[in-house]
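Single-letter residue listing:
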Amino acid sequence: MKIKAAVARANGAPLSIETLDLEDPRDDEILVRVVATGICHTDLVVRDGHLPTPQPVVLGHEGAGIVERVGAQVTKVRPGDPVVMTYNSCGTCPSCREHHASTCHEFFPRNFFGTRPDGTSALSSEGKRVHGNFFGQSSFASHALCHARNVVKVPDDVPLELLGPLACGVQTGAGAILNALKVETGRAVAIFGTGSVGLSAVMAARLAGAATIIAVDIRESRLEAALSFGATHTVNPASTDAAAEILKLTGGVHYALDTTGNASVIRKAVESLAPRGLCGLLGASPLGSEVTLDEVHFMSGGRRLIGIVEGDTNPDVFIPMLIGLYRQGRFPFDRMVRFYPFDAINQAIDDMEQGRAIKPVVRLQ
């Protein structure tokens, strides 16, 4: 079938809106008519060539839409179901069997290689291959093929166009706080970077009952947004040493979360920890990036550092939970969203990169 898609063809170049050919779903695949899809920082990291996803490729991994067709082996959803498409996983490795699909042993090939596991792509242009299956979906398109492992059926009484960001950025930030760090009531947490992931973490920290929630960012507009989402304090590293200011405020936080992937920021996050404090890393960095720490400070206080992927979530459980909290008015992630028509996807990306939009979502219907 013919579909409309945004294609990344050269590192750092704007996406091009094109008509592509999409194969029919295989027995284990699901065809989804995409209603809307969020734009995530990871899409831009791949567009810019910092991760080894081959181009040309259709990116997009926060898709929401309606199931149109299912393969013969698919029983999880049926045509007409509203769904969110999230990250992909194998379902058979030790992590997947233990309900930790975000640390799937095949996470990188299943999400970043731009092909199905057998090396094929369902996308082409005039007979030439275009890479797809990005995060098991490639949802910068009018239609996407996904899999039972990475599709979540959602209620039909919540605006579907709003739900795509729950697939990655929102669940990553919220899950980091609630699942990976397991922030306890009354504790202090510092969140470095207040884009959509960081603000989702702020909202989750408030839900967890953290007494002190410190938002750290160089953009004053983002810090103001963080206060409106539940932060109790803000720190701007452009005007002060972030770690020193956090230590002055708290004596050291119990939890720190870096959403930037910047090595110097990560070091400040670790330096802001109290003894026995825990720092989580979830920002996307180019391959080969390294972090340097003061070993004496890190070791002598029993401090800990962990990597976090997709908030350590089970999407089939966590995404419906977030929708429930949204319905109750306790998780107002919709306030971060700004909608754009699909043809304006490059403007949406630029607005996010320049700080004019927190979570752009492009509508395809």
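Residues numbered from 1 in each chain as written. Predicted model: local features only at pLDDT ≥ 70, side-chain atom pairs only at ≥ 80, totals over all residues. Heavy atoms only, no water.

> Would you explain the overall build of the chain in this entry?
Within the chain one finds 11 helices and 18 strands. Taken over the C-alpha trace, the chain has a radius of gyration of 20 Å; the compact-globule value for 365 residues is 21 Å, and the two agree within 12%. Each principal axis of the C-alpha atoms in the chain carries an extent, and together these give about 60 × 40 × 40 Å. Within the span of the chain, comprising 365 residues, buried residues form 56% of the whole. In the chain, the proportion of contacts linking residues at least 24 apart, taken out of those at least 6 apart, comes to 69%. Total accessible area on the chain is roughly 14600 Å²; 50% of this is exposed by carbon and sulfur atoms. In the chain, 34 positive and 38 negative side-chain charges are present, and the distance between their average locations comes to 3 Å. (Helix = DSSP H or I, 4+ residues; strand = E, 2+ residues; numbered from the N terminus. Rg over C-alpha atoms; globule rule 2.2 N^0.38 Å. Buried < 20%, exposed > 50% of the residue type's maximum accessible area, 1.4 Å probe, protein only. Contact = heavy atoms within 4.5 Å. Areas by Shrake-Rupley, 256 points an atom, 1.4 Å probe, with all protein chains shown as cover. Lys, Arg positive; Asp, Glu negative; His and termini not counted. Charge placed at Lys NZ, Arg CZ, Asp CG, Glu CD.)

> What's the story with the pairing of strand E11 (residues 188-192) in this structure? I'm lost.
Residues in a regular strand point their side chains to alternate faces of the sheet. Taken across its five residues, E11 has five buried, putting it largely inside the fold. As paired strands, E11 and strand E12 (residues 212-216) are joined by five bridges and run parallel to one another. Counterpart to Val 189 in the pairing with E12 is Ile 213. Between the parallel pair E11 and E12, the chain is carried across by helix H5 (residues 196-208), and the sense of this crossover is right-handed. Pairing of E11 with strand E14 (residues 253-258), which is carried by four bridges, proceeds in the parallel orientation. Its bridge partner lying in E14, Phe 192 is registered against Asp 258. (Pairing = 2+ DSSP bridges. Right-handed = clockwise from strand over helix to strand, strands pointing away.)

> I would appreciate a short explanation of the pattern of salt bridges in the present structure.
Enumeration according to the criterion identifies 24 salt bridges in this entry. Notably, a salt bridge pairs Arg 338 with Asp 351, separated by 3.9 Å at the nearest N-O pair. Pair noted here: Arg 338 is in strand E17 (residues 337-341) and Asp 351 is in helix H11 (residues 345-353), with a separation of 13 residues, a long-range link. One connected set of salt bridges, linked through shared partners, spans Asp 241, Arg 267, Lys 268 and Glu 271. (Salt bridge = Lys/Arg side-chain N within 4 Å of Asp/Glu carboxyl O.)

> In this structure, what is going on with the state of the cysteines? I would like to understand it.
Working definition of a disulfide: a covalent bond connecting the sulfur atoms of two cysteines. In total, this model carries zero disulfides according to the counting rule given. For Cys 146, which is in no disulfide, the shortest distance to another cysteine sulfur is to Cys 168 and amounts to 15 Å. (Disulfide = S-S within 2.5 Å.)

> Please clarify how the nonpolar core should be interpreted in this entry.
Side chains of a nonpolar character, in soluble globular proteins, are inclined to be buried together. Formed by 55 residues in total, the largest nonpolar core has its most connected members in Leu 163, Ile 177 and Phe 333. Broken down by element, this core gets its largest block of residues, eight residues, from H5. Here Ile 177 is in contact with Lys 182, Val 183, Val 189, Ala 201, Ala 204, Ala 205 and Leu 257, once residues within four sequence places are set aside. Of all hydrophobic cores here, the second largest spans 53 residues; its members include Ala 8, Cys 90, Ala 122 and Val 151. (Core = buried A, V, L, I, M, F, W, Y, C linked by side-chain atoms within 4.5 Å.)

> What's the story with H5 in this structure? I'm lost.
Given 3.6 residues per turn, any residue in an α-helix points the same way as the ones three and four places further on. Helix length check: H5 (13 residues) gives 18 Å between terminal C-alpha atoms against 18 Å at 1.5 Å per residue, within 8%. Among the 13 residues in H5, 11 count as buried, and that is most of the element. For H5, the set of buried residues is Ser 196, Val 197, Gly 198, Leu 199, Ser 200, Ala 201, Val 202, Met 203, Ala 204, Ala 205 and Ala 208. (Expected span 1.5 Å × (residues − 1).)

This is a description of form; function is not addressed.
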